[in-house]
Amino acid sequence: MSSAHQTEVGPLERPDLRARYRIERDKRVRPDGTDQYLEPVGRFAHFSADPYTPWVERDPVVDDVEVVIIGGGFAGLVTGARLVEAGVTDVRIVEAGGGLGGVWYWNRYPGAMCDTAAMVYLPLLEETGRVPSAKYVEAPEILAHARGIAEKYGLNDGALCSTVVRELVWDEDRSRWRVRTDRGDELRARFVTLGTGPLNRPKLPGIAGIDAFEGRCFHTSRWEYDYTGGDSSGAPMTGLADKRVGIIGTGATAVQCIPRLARDAGSLTVFQRTPSSVDVRANQPIDPEWFAALDPGWQREWLRNFATLQTGGFAEQDLVMDGWTDMAVRIRDRVIADAVAFTPKDFRQAYEAADDEKMDEIRARIDAVVSDPATAEALKPWYRQRCKRPCFHDEYLDAFNRPTVRLVDTDGRGVERIDATGAWVGGQHYELDCLILASGFEFGTPYERRSGFDPVGRGGVPLSKAWADGMVTLHGIHVHGFPNLFVIQTGHAANLISNVTHNLVEAGTTAAAVIAHARATGAVEVETSAAAQEAWVDLLEDPTTMLTYDANCTPGYYNNEGAPLGHRERLNQSRYAAGPAEYFRYIDAWRSTGRFEGLEFRPQTGKDEH
Ligand code: NDP
């Protein structure tokens, strides 16, 4: 269907499609941009409370450790694992959740799973010996894997959960970090790693009257199974059988939980502002015998293969073979087939052609699955696949064929108002017993706002000041003025968003190697030089290579809600110009030399008494 169409009508000769994309985008751009969302504080604080683990009083902990790991998600766990492998076992995790697991501790909504293939998403598979059950695995299996890493490397020992860091201050006299928590803990640490996540803080839709609703209302990352019944492994939510349930949002989270809600709720009303692009998932079990026969080092190879194919590179075969690589390979092959001179214009044209083809397929699939033509039409996404987070699911569209499921398309405007008994859209009131907010997580807000503390480095300079004009780092990990601090995240590095854990494993491995080197050489401080940091930031800021965003993209967190990107936002979202695969190669080589160029290792000065 679509490729024939493409041959007849070139990508730049599809003015109707371009115009439609523009109209749909313009409808959604709001003057309040990212400010439209509410923070889960004050009277909304309960939206971020932990429903899974009761808060238990405990005595404050006062001690001195080699490494404090802030954040017990995959960032913290893989860093901890690499430290232990390097012989650094005096580590203590501090974690806000009632247990370790990070995003997978919090996100237990029904149907939660990872739509990046388990073979590359689950970190340290070879090290832990875990065999994923399927190509894409569900949240409980991922949480079990996270816990398995903690278990294997002894990271539960001394972990302080249900504990929020409130202060992180560099003590220059002792060359140590001082960590204070909301439990009154006073920790001192030679090194600190930050793995607090980019999408860790729930955001709430700024809809008038949101706190007037008198039924049950919660965010998807704080699922109230005590009310809905069921559990995260798929048991029926019997508590919803006679309930009128509404859900606000149709992003990646909603796409996964709507089929389960559709199955169990008395009725389900889906309030849609922008439809997601939902491609085929095609999950399948993993054969344990096939898995057992993989050669040692296989995961590294798979990771390299996935990152390479995602970035327009070549490999003998596509090992993962999914929606992520499919799109990237299509673009690559079209550039080769269509490009005349490989100019940016040629590339753009080829990219648009490949994207048109993919989006035509996605829209056609909706017509093929959804029986009501008006609902099918409303579910169609009118933007480029990479404007918003691509989704992959095989039951989502079909959920709208159930008589108990109703799609309320708000034509890009969102829910108008909420009152005690339900929600208003287009002057119509929808009565609800339960309202679920699948409204996502803060992205790009200041670090201290998302983490709850503002690290204070050398000379009493807070990170918020050091990053006031945008994030500055060496390799996305080290920050000048913040000795012995390691940021374990994706930015300024590979920024491979289709496989976040690959970024985290590399950053964690790097941090552990640097810490081990400092210890082996008797250094008590390690810090990036100002010059090395500046050179790295210059590289990221090169206008010929900096990531640019499609001005015609419909708004969302990928593009600053459609508002123009200032220098700060561009810098915060920048990545190594040559792309993820090259960054991974670069950082591996940088680490492996053992020279750690750009870092200054400082020996004991005599002031370090503890
Ligand atoms: P998103 O930010 O992607 O989606 C939020 C949804 O809420 C959007 O549909 C948004 O509409 C809607 N919304 C916000 N305000 C309103 C309003 N006032 N009225 C109506 N609708 C509104 O959050 P998600 O939790 O879905 O996903 C966040 C991220 O988490 C993903 O991008 C992905 O990175 C990650 N994730 C990963 C998964 C995986 O498989 N690996 C699974 C799930 C999530 P609009 O689009 O118009 O803004």
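The protein chain appears in an unreviewed UniProt entry as NAD(P)/FAD-dependent oxidoreductase from Dactylosporangium darangshiense. Comment text from UniProt for the protein chain, heading Sequence similarities (unreviewed entry), reads "Belongs to the FAD-binding monooxygenase family." Turning to the protein chain, the UniProt record has this under Cofactor (unreviewed entry): "FAD".

**Some words on the site of the ligand**
Close to the ligand lie 27 residues; D115, T253, R273, T274 and Y557 are nearest. Taking Q256, its side chain carries an N or O atom lying 3.3 Å from an oxygen atom of the ligand. One of the side-chain N or O atoms of Y557 is found 2.6 Å from an oxygen atom in the ligand. Relative to its unbound accessible surface of 910 Å², the ligand loses 89% to contact with the protein. Residues belonging to the shell around the ligand are distributed by class as follows: 13 nonpolar, 9 polar and 5 charged.

**Things to note about the pattern of salt bridges**
Inspection of the entire model under this criterion finds 62 salt bridges. Two residues, D185 and R58, come together in a salt bridge whose shortest N-O distance is 2.7 Å. Of this pair, D185 sits in the loop between strand 4 (176–181) and strand 5 (186–194) while R58 sits in the loop between helix 2 (15–28) and strand 1 (62–70), placing them 127 residues apart in sequence. Residue D185 is classed as buried on the basis of its relative accessible area, which comes to 1%. A single network of salt bridges, built from pairs that share partners, joins R14, R18, R348, E352, D355, D356, D360, R363 and R384.

**Remarks on the state of the cysteines**
On inspection of all chains with the given rule, the structure shows 1 disulfide. Cysteine C217 shares no disulfide, and the gap to the nearest cysteine sulfur, in C434, comes to 7.6 Å. Left without a disulfide partner, C391 is nearest to the cysteine sulfur of C257, which lies 12 Å away. Exposure remark for C391: the relative accessible area of 1% places this residue in the buried category.

**Some remarks on the side chain of T79**
Along the chain, the position of T79 falls in helix 3 (residues 74–85). T79 sits in the buried class, given a relative accessible area of 0%. One polar contact links the side chain of T79 to the main-chain carbonyl oxygen of A75, over a distance of 2.7 Å.

**Concerning the nonpolar core**
Judged by nonpolar contacts, the single largest core of 112 residues is most densely connected at W223, I247 and L261. Counting residues domain by domain, this core receives three or more from each of domain 1 (1–14 + 208–299 + 312–440) and domain 2 (62–201 + 443–603). One finds W170, Y447, F453 and V487 within the second-largest nonpolar core, a separate group that totals 27 residues.

**Topic: the environment of L496**
With respect to the helices, strands and loops of the structure, L496 is situated in the loop between strand 16 (485–487) and helix 18 (500–520). Look at L496 and you get buried, because its relative accessible area is 4%. As a C-alpha pair, L496 and Y227 span 269 residues in sequence and 37 Å in three-dimensional space. Apart from residues lying up to four places away in sequence, L496 is in contact with A307, Q310, H502, N503, P580 and F584.

**Focus on the packing of helix 18 against helix 21 (residues 580–592)**
Here helix 18 crosses helix 21 at 15°, and the two axes come no closer than 10 Å. Between helix 18 and helix 21, the angle falls in the class roughly parallel. Our pair here, helix 18 against helix 21, has a crossing hand that is left-handed. Residues H502, N503, E506, T509, T510, A513 and V514 of helix 18 pack against F584, I587, W590 and R591 of helix 21. When the residues that make up the contact of helix 18 with helix 21 are grouped by side-chain class, the tally is 5 nonpolar, 4 polar and 2 charged.

**Observations concerning a nonpolar patch on the surface**
A cluster of nonpolar residues, F314, I336 and F342, forms a patch on the protein surface that exposes about 360 Å² of accessible area. Mapping F314 onto the fold places it in the loop between helix 11 (298–310) and helix 12 (323–338).

**Observations regarding the pairing of strand 17 (residues 523–528)**
The element strand 17 is largely enclosed, with a buried count of 6 among its 6 residues. Looking at chain direction, strand 17 and strand 18 (residues 599–603) are connected through 5 bridges and run antiparallel. Directly across from E525, in strand 18, lies its bridge partner R602.

**Some remarks on the side chain of T308**
Its location among the elements puts T308 in helix 11. Within polar-contact distance, the side chain of T308 engages the backbone oxygen of R304 at 2.6 Å. If near-sequence neighbours (up to four positions away) are discounted, T308 is found in contact with G313, F314 and A581.

**Digging into helix 2**
Its 14 residues give helix 2 an end-to-end C-alpha distance of 20 Å, which sits within 8% of 20 Å, the value for a rise of 1.5 Å per residue. Within the span of helix 2, buried status applies to L17, Y21, E24, R25 and R28. Seen from one end, helix 2 has its buried residues packed into an arc of 100°, which puts them on one side. Exposed residues lying more than 90 degrees from the buried face of helix 2 are P15, D16 and I23. Contact partners of the buried residues in helix 2: helix 13 (344–369).

**Some words on the domain arrangement of the protein chain**
Structurally, the protein chain comprises domain 1 (1–14 + 208–299 + 312–440) and domain 2 (62–201 + 443–603). Counting residues at the interface gives 41 residues for domain 1, matched by 34 residues for domain 2. The interface formed by domain 1 and domain 2 contains 2 salt bridges. Between D115 and R389 there is a salt bridge, with its nearest N and O atoms 3.1 Å apart. Taken together, the elements giving at least two residues each to the side of domain 1 that touches domain 2 come down to helix 9 (252–264), helix 10 (288–292) and helix 11. It is helix 9 that provides the largest number of residues to the side of domain 1 that touches domain 2, a total of 4 residues.

Here is what the cut-offs are and how they apply
Residues numbered from 1 in each chain as written. Predicted model: local features only at pLDDT ≥ 70, side-chain atom pairs only at ≥ 80, totals over all residues. Heavy atoms only, no water. UniProt positions renumbered as here; feature names shortened; annotations may be inferred. Near = heavy atom within 4 Å. Polar contact = N/O pair within 3.5 Å; in protein donor to acceptor, adjacent residues only side chain to side chain. Areas by Shrake-Rupley, 256 points an atom, 1.4 Å probe, with all protein chains shown as cover. Nonpolar A, V, L, I, M, F, W, Y, C, P; charged D, E, K, R; others polar. Salt bridge = Lys/Arg side-chain N within 4 Å of Asp/Glu carboxyl O. Helix = DSSP H or I, 4+ residues; strand = E, 2+ residues; numbered from the N terminus. Buried < 20%, exposed > 50% of the residue type's maximum accessible area, 1.4 Å probe, protein only. Disulfide = S-S within 2.5 Å. Core = buried A, V, L, I, M, F, W, Y, C linked by side-chain atoms within 4.5 Å. Domains from an automatic or database assignment. Contact = heavy atoms within 4.5 Å. Axes fitted to C-alpha atoms, helices over the stretch in contact; angles between N-to-C directions. Parallel < 35°, antiparallel > 145°, perpendicular 65-115°, else oblique. Left-handed = near helix turned anticlockwise from the far one by under 90°. Patch = residues over 30% accessible without salt bridge, like charges linked within 9 Å, V, L, I, M, F, W, Y side chains within 5 Å. Pairing = 2+ DSSP bridges. Expected span 1.5 Å × (residues − 1). Arc of directions from axis to C-beta.

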